[in-house]
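# Summary of the model geometry
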Amino acid sequence: MPTDRPRLSYASLPVMIRTAGSEGACDFFNQRWLEFTGRGLEEEVGFGWADRLHPDDRERVLSRYREALAAHHPFEMEYRLLRHDGEY
């Protein structure tokens, strides 16, 4: 049975954290992420977070994300995300 214990630890960290299921849809965003984007959890879950990607980064990010999920490999990347004040 899955536990929410790690999510409780992530909630107050000063870094932006999201988690996703095996299909790639995100199911958790910590408070720092929500503060940064200025959006509610319901707007971010699934692939809603991708709406905030910079247009020049979107295709690359989603492609790499899908490839890593399909291969079951951890990955790391940098991208621009729209902040609550309209800046990337």
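Before going into details, it helps to say that this report is about the structure given with it. Given the structure is predicted, the values throughout are model-derived calculations rather than measurements.

## Quick notes on the packing of aromatic side chains
- Using the criterion set out here, one finds five aromatic pairs in the structure.
- Measuring from ring centre to ring centre gives 5.7 Å for Tyr65 and Phe75, while their planes differ by 70°; the resulting arrangement is edge-to-face. With Tyr65 in helix H4 (residues 55-71) and Phe75 in the segment after H4, this pair connects stretches of sequence that are 10 residues apart.
- What makes Tyr65 buried here is its relative accessible area of 4%.

## Things to note about the pattern of salt bridges
- Applying the stated rule across the entire model yields four salt bridges.
- Notably, a salt bridge pairs Asp57 with Arg80, separated by 2.8 Å at the nearest N-O pair. With a gap of 23 residues between them, Asp57 in helix H4 and Arg80 in the segment after H4 connect regions that are remote in the sequence.
- The class for Arg80 is partly exposed, based on a relative accessible area of 37%.

## A short note on unusual backbone geometry
- A positive phi angle, near 60°, is found at His72, a position not held by glycine.
- Here His72 is to be found in the segment after H4.
- Since its relative accessible area comes to 68%, His72 is described here as exposed.

## A short note on the nonpolar core
- Ranked by internal contacts, the top residues of the largest apolar core, which has 13 residues, are Phe29, Trp33, Trp49 and Leu53.
- When contributions to this core are tallied by element, the ones reaching two or more residues are strand S2 (26-29), helix H2 (31-37) and H4.
- Non-local contacts of Trp49, meaning those with residues more than four positions away in its chain, are made with Arg18, Cys26, Phe29, Trp33, Arg39, Glu43, Glu44, Val61, Leu62, Tyr65, Tyr79 and Leu81.

## Quick word on the pairing of S2
- Two strands pair when backbone bridges link them, and strand S1 (residues 18-20) and S2 are joined in this way by three bridges, in the antiparallel orientation. By the bridge assignment, Ala20 is partnered in S2 with Cys26.
- In this structure, the hairpin formed by S1 and S2 is closed by a connection of five residues, where Gly24 is found at a positive phi of approximately 100°.

Procedures and definitions
Residues numbered from 1 in each chain as written. Predicted model: local features only at pLDDT ≥ 70, side-chain atom pairs only at ≥ 80, totals over all residues. Heavy atoms only, no water. Phe/Tyr/Trp six-rings, centres within 6.5 Å; stacked < 30°, edge-to-face > 60°. Helix = DSSP H or I, 4+ residues; strand = E, 2+ residues; numbered from the N terminus. Buried < 20%, exposed > 50% of the residue type's maximum accessible area, 1.4 Å probe, protein only. Salt bridge = Lys/Arg side-chain N within 4 Å of Asp/Glu carboxyl O. Core = buried A, V, L, I, M, F, W, Y, C linked by side-chain atoms within 4.5 Å. Contact = heavy atoms within 4.5 Å. Pairing = 2+ DSSP bridges.

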